[in-house]
Amino acid sequence: MITPTDRQWMQRAIALARSKGSTPADTPIAAIIVIDGRILAEQVNQTEEHKDATAHAEIMAIRAAGPVHGDMDLRGATLYSTLQPCGMCTMASIWAKVGRIVYGAGRDDVHRMYFEDRHLDTMDFVRDAWRDDLVLEGGCEAELCASLYYRPQDDVPIEEQGNI
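Every chain is numbered on its own, with residues counted from 1 as its sequence reads. pLDDT decides what is reported in this predicted model: residues at 70 or higher carry local features, side-chain atom pairs at 80 or more are listed and counted, and totals for whole chains, interfaces and linings draw on all residues regardless. The basis for every side-chain value is the complete set of non-hydrogen atoms in the structure, without hydrogens or water.

K.L.:
Just to check I follow, could you spell out the pairing of strand β4 (residues 100–105) for this structure?
P.N.:
The two faces of the sheet receive side chains in turn, since in a regular strand these alternate between them. In terms of burial, β4 is a largely internal element, six of the six residues being buried. Note on pairing: DSSP must find at least two bridges between two strands before they are called paired. Segments assigned H or I by DSSP are reported as helices when at least four residues long, segments assigned E as strands when at least two residues long, and all are numbered from the N terminus. By the bridge criterion, five bridges tie strand β3 (residues 78–83) to β4 in an arrangement that is parallel. Bridging across to β4, leucine 79 finds its partner in isoleucine 101. With helix α4 (residues 87–96) bridging β3 and its parallel neighbour β4, the resulting β-α-β unit is right-handed. Per-residue accessibility, obtained with a 1.4 Å probe over protein chains only, is compared with the maximum for each type, and a residue is labelled buried under 20%, exposed over 50%, and partly exposed between these values. Whether a crossover is right-handed depends on one test, that the path from the first strand over the helix to the second runs clockwise when the strands point away from the viewer.

K.L.:
Help me understand the environment of aspartate 155 in this model?
P.N.:
Within the secondary structure, aspartate 155 sits in the segment after α6 (142–146). Using a relative accessible area of 78% as the deciding quantity, one classes aspartate 155 as exposed. Counting along the chain gives 44 residues from aspartate 155 to histidine 111, while the straight-line C-alpha distance between them is 9.1 Å.

K.L.:
When you look at the sheet that holds strand β5 (residues 135–137) in this model, what are you seeing that I'm missing?
P.N.:
Sheet strands line up and pair through hydrogen bonds in the backbone, either parallel or antiparallel. Read from one edge to the other, the open sheet built from five strands follows the order β2-β1-β3-β4-β5, with strand pairing classed as mixed. Only two strands of the sheet have a single partner each, and these edge strands are β2 (38–44) and β5. Neighbour-to-neighbour, the strand axes of the sheet open up by a mean angle of 15°, direction not taken into account. Sitting on the sheet, helix α3 (residues 57–69) touches β1 (30–35), β2 and β3, and the angle it makes with β2 is about 145°. Note on method: axes are straight lines fitted to C-alpha atoms, helices fitted across the in-contact stretch only, with angles between N-to-C directions ranging 0 to 180 degrees. Any two residues having at least one pair of non-hydrogen atoms within 4.5 Å are treated as being in contact.

K.L.:
Honestly, helix α1 (residues 4–20) in this entry has me stumped. Any pointers?
P.N.:
One turn of the α-helix equals 3.6 residues, which is why residues spaced by three or four share an orientation. Look at α1: 25 Å from first C-alpha to last across 17 residues, which is about the 24 Å you get at 1.5 Å a residue. Against β1, β2, β3, β4 and α6 lie the buried residues of α1. The length a helix should cover is 1.5 Å for every residue beyond the first.

K.L.:
Teacher, can you tell me more about the side chain of threonine 78 here?
P.N.:
Inspection of the secondary structure puts threonine 78 in strand β3. Residues contacting threonine 78, with those up to four places away along its chain left out, are Ile32, Ile33, Val34, Arg100 and Val102.

As far as function goes, none of this settles anything; it's purely spatial.
Structure follows, in structure tokens:
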């Protein structure tokens, strides 16, 4: 269940995403990892900056959170993401033992280019994981988050589509 505290953290993630740029072409995706009310890490998508396809906001936040936390095991932490995590980021969250993922815009709110698969959903990864203690909740400030990205009906130039 999305709480008022979740909405506050998502507002912070939205502000962080906007710091990356003001158009969908800037890929303004942000992730924050919180444990016991304390931020372990907050990062934006850095794929273009690092020329690294794995430098998604969630991955960058997981990488930064471990040293701050003193452990790669992030059990009890919540990962907030402005966009529903892709399969790679969901699997990384599973391996990092994040306890909960709260995201804003979902697959149906944004252009298909943001997801690598037509039929799988991150819920499939969570359902099929060996862990049964990961909670995935979407729709937190969904409309505000979706406004950061290309929408399903947008005519996005092929050269801007990462998964085509």
